[in-house]
Amino acid sequence: MSAPPLPADDLAHVLTHVGDLWERARGTRTFLTGGTGFFGPWLVESFAHANEQLGLGAELVVLSRDPDAAMSRLPALRAAPGV
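As the structure is a prediction and not an experimental result, all values here were calculated from the model.

(A) Inspection of the overall build of the protein at higher detail. Broken down by element type, the protein carries three helices and two strands. Shown N-terminal to C-terminal, the secondary structure of the protein runs as helices and strands in the order α-β-α-β-α. The C-alpha radius of gyration of the protein comes to 12 Å, within 12% of the 12 Å expected for a compact globule of 83 residues. Once the C-alpha set of the protein is aligned to its principal axes, its extents read approximately 35 × 25 × 20 Å.

And the structure:
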């Protein structure tokens with residue numbers, strides 16, 4: 001069973017309220033453990049949205065015990081920009 005993508009309003013809220021902090025991610029590569037657990041998908045999708053909307057050119061490397069199962073459950077992350 002796949003998880004639904006985050007609502008557009010939630011993504012816009014994160015983009016707006018994190019504000020200038022997104023600039024710190026510009027051009028960086030970040031490693032995230034637990035990226036496919038309970039909170040991880042929210043972090044990954046929020047990152048991907050900000051990366052695309054703000055043209056950050058950033059990368060997020062996500063650790064998963066079972067990448068195939070994670071991609072089945074979270075198909076939106078497969079094509080997420082910079083992930």
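(B) Examining a nonpolar patch on the surface more closely. Residues Phe38, Phe39, Trp42 and Leu43 make up a contiguous nonpolar surface patch of roughly 520 Å² in combined accessible area. Positionally, Phe39 belongs in the loop between strand E1 (29–32) and helix H2 (40–54).

(C) Examining H2 more closely. Relative to the 21 Å expected for 15 residues at 1.5 Å per residue, H2 spans 21 Å between its end C-alpha atoms, a close match to the ideal helical length. Of all the positions in H2, only Gly40, Pro41, Val44, Glu45, Ser46, Phe47, Ala48, His49, Ala50 and Asn51 are classed as buried. The elements touched by buried residues of H2 are helix H1 (8–18), E1 and strand E2 (59–62). Once H2 ends, the next one or two residues include Gly55, with phi positive near 60°.

(D) Just the packing of aromatic side chains, in detail. Scanning all chains against the criterion turns up one aromatic pair. Consider the rings of Phe38 and Phe39, whose centres lie 4.9 Å apart with planes at 85°: the pair is edge-to-face. Accessibility assignment for this pair places Phe38 and Phe39 in one class, exposed.

(E) Spotlight on the environment of Leu11. Relative to the helices and strands, Leu11 resides in helix H1. We classify Leu11 as buried; its relative accessible area is 11%. Counting along the chain gives 35 residues from Leu11 to Ser46, while the straight-line C-alpha distance between them is 6.0 Å. Excluding residues within four positions of it along the chain, Leu11 makes contact with Leu6, Glu45, Ser46 and His49.

(F) Region of the structure containing the nonpolar core. Ranked by size, the top nonpolar core spans twelve residues in total: Val14, Trp22, Ala25, Leu32, Val44, Phe47, Ala50, Leu56, Ala58, Leu60, Leu74 and Leu77. Tallying contributions element by element places H2 first for this core, with three residues.

About the criteria used
Residues numbered from 1 in each chain as written. Predicted model: local features only at pLDDT ≥ 70, side-chain atom pairs only at ≥ 80, totals over all residues. Heavy atoms only, no water. Helix = DSSP H or I, 4+ residues; strand = E, 2+ residues; numbered from the N terminus. Rg over C-alpha atoms; globule rule 2.2 N^0.38 Å. Patch = residues over 30% accessible without salt bridge, like charges linked within 9 Å, V, L, I, M, F, W, Y side chains within 5 Å. Areas by Shrake-Rupley, 256 points an atom, 1.4 Å probe, with all protein chains shown as cover. Salt bridge = Lys/Arg side-chain N within 4 Å of Asp/Glu carboxyl O. Expected span 1.5 Å × (residues − 1). Buried < 20%, exposed > 50% of the residue type's maximum accessible area, 1.4 Å probe, protein only. Contact = heavy atoms within 4.5 Å. Phe/Tyr/Trp six-rings, centres within 6.5 Å; stacked < 30°, edge-to-face > 60°. Core = buried A, V, L, I, M, F, W, Y, C linked by side-chain atoms within 4.5 Å.

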